[in-house]
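Architecture at a glance
Spelled out, the chains give:
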Amino acid sequence: FVTTAGIDPKNIRSILATDCGSTTTKAILIERGDSGYRLVVRGEAPTTVEAPFEDVTRGVLNAVKEVEELAGRKMLDGDRIITPQRGTEGVDLYLSTSSAGGGLQMMVSGLVLQMTGESAQRAALGAGAIVMDVIAQNDGRRPHEKIRRLRQLRPDMILLSGGTDGGDQKRVIEMAELLVAADPKARLGADYQLPVIYAGNQDAQGIIRDLLASRVALSVVPNLRPSLERENLGPARDAIHDLFMEHVMAHAPGYKKLMTWSPVPIMPTPGAVGLIIEKVAARDRIAVVGVDIGGATTDVFSVFQGVFNRTVSANLGMSYSVSNVMAEAGIDNILRWVPFPVDEVELRNRIKNKMIRPTTIPQS
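This write-up is about the structure you can find in this document. None of the values given here were measured: they were computed from a predicted structure.

1. What to know about the packing of helix α5 (residues 170-182) against helix α6 (residues 205-212)
Between two packed helices, both the angle of their axes relative to each other and the distance between the axes serve to describe the pair. It is at 10 Å that the axes of α5 and α6 come closest, and there the two elements cross at 10 degrees. With respect to α6, the axis of α5 lies roughly parallel. Of α6, the residues touching α5 (which contributes V172, I173, A176, E177, L179 and V180) are I207, I208, L211 and L212. Here the residues of the contact of α5 with α6 are counted per class, giving nine nonpolar, no polar and one charged.

2. A look at helix α9 (residues 269-284)
Between the first and last C-alpha of α9 there are 23 Å, a value that for 16 residues agrees with the 22 Å anticipated at 1.5 Å per step. Of the residues making up α9, those classed as buried are T269, P270, G271, A272, G274, I277 and A281. Lining the buried residues of α9 we find β1 (14-20), β6 (93-98), β12 (267-268), β13 (288-293), β14 (298-304) and β15 (307-313). Just beyond α9, the residue with positive phi is R285, at close to 50 degrees.

3. Focus on unusual backbone geometry
Along the chain, T83 connects to P84 via a cis peptide bond; the corresponding omega equals 0 degrees. Not every positive phi belongs to a glycine, and E54 is a case in point at roughly 50 degrees. Inspection of the secondary structure assignment puts E54 in the loop between β3 (36-46) and α2 (56-71). The backbone phi angle of D183 is positive, close to 45 degrees, even though this residue is not glycine. Residue position: D183 is located in the loop between α5 and β10 (195-198).

4. Here we look at the pairing of β10
Residues of β10 alternate between two faces, with P195 and I197 on one and V196 and Y198 on the opposite face, all of them buried. The pairing of strand β9 (residues 157-160) with β10 spans three bridges and is parallel. From the neighbouring strand, L160 faces β10, where its bridge partner is Y198. Relative to strand β11 (residues 217-220), β10 runs parallel, the two being bridged by four bridges. Across the sheet, Y198 pairs through a bridge with V220, a residue of β11. Following the chain from β10 across α6 to the adjacent parallel β11, one finds a crossover that is right-handed.

Calculation criteria
- Residues numbered from 1 in each chain as written.
- Predicted model: local features only at pLDDT ≥ 70, side-chain atom pairs only at ≥ 80, totals over all residues.
- Heavy atoms only, no water.
- Axes fitted to C-alpha atoms, helices over the stretch in contact; angles between N-to-C directions.
- Helix = DSSP H or I, 4+ residues; strand = E, 2+ residues; numbered from the N terminus.
- Parallel < 35°, antiparallel > 145°, perpendicular 65-115°, else oblique.
- Contact = heavy atoms within 4.5 Å.
- Nonpolar A, V, L, I, M, F, W, Y, C, P; charged D, E, K, R; others polar.
- Expected span 1.5 Å × (residues − 1).
- Buried < 20%, exposed > 50% of the residue type's maximum accessible area, 1.4 Å probe, protein only.
- Pairing = 2+ DSSP bridges.
- Right-handed = clockwise from strand over helix to strand, strands pointing away.

Keep in mind these values describe shape, not function.
Listed below in structure tokens is the structure:
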């Protein structure tokens, strides 16, 4: 990140980083001392992406204020982060990640569920997305059912793939025609075109452009499954990430302002955590499993034999989706861990209260 920020790493004495989660915005201060970089303090505040605030930067400033107080040094000048560091005031670099507003919600499509469908899913998951549905030619649904599903879900973005380079074009064009028939609308704004990435058979690019370019914000990237035995997920993954910044983030309340505060792009939190896991695995040459338990989703990352994987449980989290945890685990499994006697009805009520008031913090 440093080269893109135009800052020489040797000159960075302090880094302020924030993570805007679905429920909580966290802020950390990292400083360089004699023994290298160390985490000094951390603060947090409720995320402010929803009403009444509808401005993610309010939560960021509240979390940074807490860091300011704990560190005993000034970092804010009104609503502005002081950068670069002058004396003991300000920081040399400000960075942020975000999964606020429900993260990046995608639909993916491939021809064969077990092949391009799975490749498309891996590309989306690797870019930090939640995959709402995988549509494939052989998924058992009739065309009108697929069209209804595309209309109902309102994803942030669609990844269209299918076919190997030089292979059959007809079926991947049929998938694009389904998209035309459904004419799906984007989740976060009726006033902008839905981003669609085409990463299928390269020979069909021309027809795909003719079908979709006037209807959606179309990006064409190299095939994610150029041959039956080879995957090439990188270009599709990068395109998802870039479009997430350009379209989705830009339409979430307060993001445009937040983007101007940092010299580097805001990364989707899962993408950033994935990078950390990959770097640890490569540096220490070990297999790594990492779990990120959030308010809305739980992500599991792994690196085995150099291959990175990520799975998302979009319906399991500690605030917005805590009722699903209760439903999946069952009351008896939760009661095992509660160290005081509690009535089952009261426990259900507490869990439901956390779901409907996700930013509240327990008193006891």
